[in-house]
Amino acid sequence: MKRKKPLVVSVVGARPQFIKLAPLARKMSRRLGHVIVHTGQHYDRMMSDVFFRQLNIPKPDYNLGVGSGSHGWMTGRIMTRLEKLLAEMCPDFVLVYGDTNSTLAGALTAAKLHLPVGHVEAGLRSYRPDMPEEINRRLADHVSQLLFCPTVQSVKNLNSEGVRKGIVRSGDLMYELIAVGKERIARNTRILKMHRLAPKEFLTMTMHRAENVDTEENLDKIAGILFSLDYPVIFPVHPRTQKNLRRCGLLAHLKNSPDIILTEPVSYLDNLSLIYHARAVLTDSGGVQKESVFLGTPCLTLRDETEWVETLARGNHLVGLSSRKILSVLKALRPPARQASYLVKGRAPSEIIVSSLTDYLRRQ
Ligand code: UD1
Ligand code: UDP
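From a predicted model like this one, the values you see are computed outputs, not experimental measurements.

Draft legend 1. Expanded view of the overall build of the protein. Counting its secondary structure elements, the protein contains 16 helices and 13 strands. Against the globule reference of 21 Å for 364 residues, the protein gives a C-alpha radius of gyration of 20 Å, in line with a compact fold. Each principal axis of the C-alpha atoms in the protein carries an extent, and together these give about 65 × 45 × 40 Å. Looking at the protein as a whole, 58% of its 364 residues are labelled buried. A fraction of 70% describes how many contacts in the protein between residues 6 or more apart in sequence connect residues 24 or more apart. On the protein, roughly 16,000 Å² of surface is accessible, and the fraction owed to carbon and sulfur atoms is 52%. Treating the 52 positive side-chain charges of the protein as one cloud and the 34 negative ones as another, the clouds have centres 6 Å apart.

Here's what the structure looks like:
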């Protein structure tokens, strides 16, 4: 039986994917049949449910409940469960987001079932082959029929790999969300009050990259950085980081410092309010680098490279894990350069993505 509307499946599983899904899910359901499959890669309330509730994302139609494990185990488990589901549903299109194991598993499973795939945030590269995300995003790009690129550089990266067909420059979904919610973000001082933080008199930090937080040597450096800062710092701790800090005996040590506020992961709105009101942001997160720049707060990226190269001219600084560099950037903080638009011809990224998808499906 022919469906009234083409059916699109979104495969998501990790915190940043729920956030990217939010503006799309709203538009998608008006024009297309849309099913949300949550892989279960992230499952803690503050890593998953909180985003669905706060961003009004429809509840996932399916949860594959994979949980945590090694890369191969997790990817394989998602693929096995998703394959069965997709084979039953026979959707017209599968959308994957970002660069996590859920992205790779979703893209590969769909491609092997000969279902067309679209990759949201295609074309980003760190050119670091040891980063799990680099493997995931490269492979997802190369099995996708539609590649939704957030930036000019991401288009160039794909072109340089010989990919020319199916590229859509969409602009940045995370910018779209912020553009809509900026006033609310600025007004929300709940989390500042809760931790007695004065606007522009504190720093905020997030850290979770495997290459930063999986070794004791690097965790020692991160702790050293936290102790060296001249301002109070709030640090919502990602579960990977928490587990590793505890294993190395650093968690209790950090908790004992009056100027270091460790919290569990915070909601989207609270995190953006922290970024907006902070003097500067310290992070290794892709999303947080962009959000700092979008909100005009200086960002110190504790990595040696970034996929978001455009941010480097707009208040983002690569500082690695060097206390010396961090302190020198913090001392010389200047207001970030004038903001560029992160939209393509002023159009909402979600609108560009849904329209391209609808056109593609009409042509099939
Ligand atoms: C994953 C992505 C990373 C993304 C990040 C967003 C991969 C390879 N990595 O990293 O690209 O930037 O999500 O946050 O896909 N854990 C919990 N509760 C949870 C989820 C995880 O306790 O709800 C703990 C588990 O001990 C787990 C560890 O965190 O082993 C790491 O989780 P995992 O999903 O493997 O990778 P992330 O570090 O979250
Ligand atoms: N984020 C959040 N609460 C937190 C930390 C981060 O809501 O405690 C949001 C952040 O504002 C951004 C997204 O999570 O929208 C980034 O996700 P993450 O850093 O986990 O992954 P990455 O972007 O590096 O893939």
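Structure shown, so let's carry the discussion forward.
Draft legend 2. View of helix α11 (residues 239-247). Regarding α11, the residues found buried are Thr 241, Asn 244 and Leu 245. Buried residues of α11 fall within an arc of 100° about the axis and therefore sit on the same side. Opposite its buried face, α11 presents the exposed residues Lys 243 and Arg 247, each directed more than 90 degrees away. Those residues of α11 that are buried are in contact with α9 (210-213), α10 (216-228), β9 (233-236) and α12 (250-255). Phi for Gly 249, located one or two positions after α11, is positive at around 75°.

Draft legend 3. Looking closely at the sheet that holds strand β13 (residues 316-318). If you walk across this open sheet you meet the six strands as β10-β9-β8-β11-β12-β13, and the pairing is parallel. The open sheet terminates on both sides in strands that have one partner only, identified here as β10 (260-263) and β13. Taken pair by pair, the neighbouring strands of this sheet meet at an average axis angle of 20°, ignoring direction. Of the pairings in the sheet, the one linking strand β8 (residues 203-206) to strand β11 (residues 280-283) comprises four bridges and is parallel in character. Paired with Leu 203 across the strands is Ala 280, a residue of β11. Set on the sheet, helix α14 (residues 286-295) makes contact with β8, β11, β12 (299-301) and β13; between it and β11 the angle comes to about 170°.

Draft legend 4. Broad picture of the site of ligand 2. Every one of the 19 residues lining ligand 2 counts as a neighbour, but Arg 209, Val 266, Asn 271, Ser 285 and Glu 291 are closest to it. Contact between ligand 2 and Val 266: a nitrogen atom at 2.7 Å from a main-chain N or O atom of the residue. Asn 271 has a polar side-chain atom sitting 2.8 Å from an oxygen atom of ligand 2. Contact with the protein chains covers 96% of the free accessible surface of ligand 2, which is 530 Å². Of all the secondary-structure elements, those providing two or more residues to the shell around ligand 2 are α1 (15-31), α13 (268-277) and α14.

Draft legend 5. Layout of the site of ligand 1. Close to ligand 1 lie 19 residues, the nearest being His 42, Asn 101, Glu 133, His 208 and Arg 240. Between ligand 1 and Tyr 43 there is a distance of 2.9 Å, counted from an oxygen atom to a backbone nitrogen or oxygen. The contact in question runs from an oxygen atom of ligand 1 to an N or O atom on the side chain of Glu 133, over 2.7 Å. Contact with the protein chains covers 90% of the free accessible surface of ligand 1, which is 740 Å². Contributions of two or more residues to the shell around ligand 1 are made by α3 (71-89) and α11.

Draft legend 6. Broad picture of the side chain of Gln 289. Topologically, Gln 289 is positioned in helix α14. Within the local environment of Gln 289, its side chain forms a polar contact with the side chain of Asn 316, the two groups lying 3.0 Å apart. Residues in contact with Gln 289, not counting those within four places in the same chain, are Thr 283, Cys 299, Thr 301, Arg 303, Thr 306, Thr 311 and Asn 316.

Draft legend 7. Up close: helix α15 (residues 323-331). What α15 keeps buried is the set Ile 326, Val 329 and Leu 330. Projected down its long axis, α15 carries its buried residues within an arc of 100°, all on one side. The exposed residues of α15 that point more than 90 degrees off its buried face are Arg 324 and Lys 331. Those residues of α15 that are buried lie in contact with β8, α10, β11, β12 and β13.

Parameters at a glance
- Residues numbered from 1 in each chain as written.
- Chains lettered and ligands numbered in written order.
- Predicted model: local features only at pLDDT ≥ 70, side-chain atom pairs only at ≥ 80, totals over all residues.
- Heavy atoms only, no water.
- Helix = DSSP H or I, 4+ residues; strand = E, 2+ residues; numbered from the N terminus.
- Rg over C-alpha atoms; globule rule 2.2 N^0.38 Å.
- Buried < 20%, exposed > 50% of the residue type's maximum accessible area, 1.4 Å probe, protein only.
- Contact = heavy atoms within 4.5 Å.
- Areas by Shrake-Rupley, 256 points an atom, 1.4 Å probe, with all protein chains shown as cover.
- Lys, Arg positive; Asp, Glu negative; His and termini not counted.
- Charge placed at Lys NZ, Arg CZ, Asp CG, Glu CD.
- Arc of directions from axis to C-beta.
- Pairing = 2+ DSSP bridges.
- Axes fitted to C-alpha atoms, helices over the stretch in contact; angles between N-to-C directions.
- Near = heavy atom within 4 Å.
- Polar contact = N/O pair within 3.5 Å; in protein donor to acceptor, adjacent residues only side chain to side chain.

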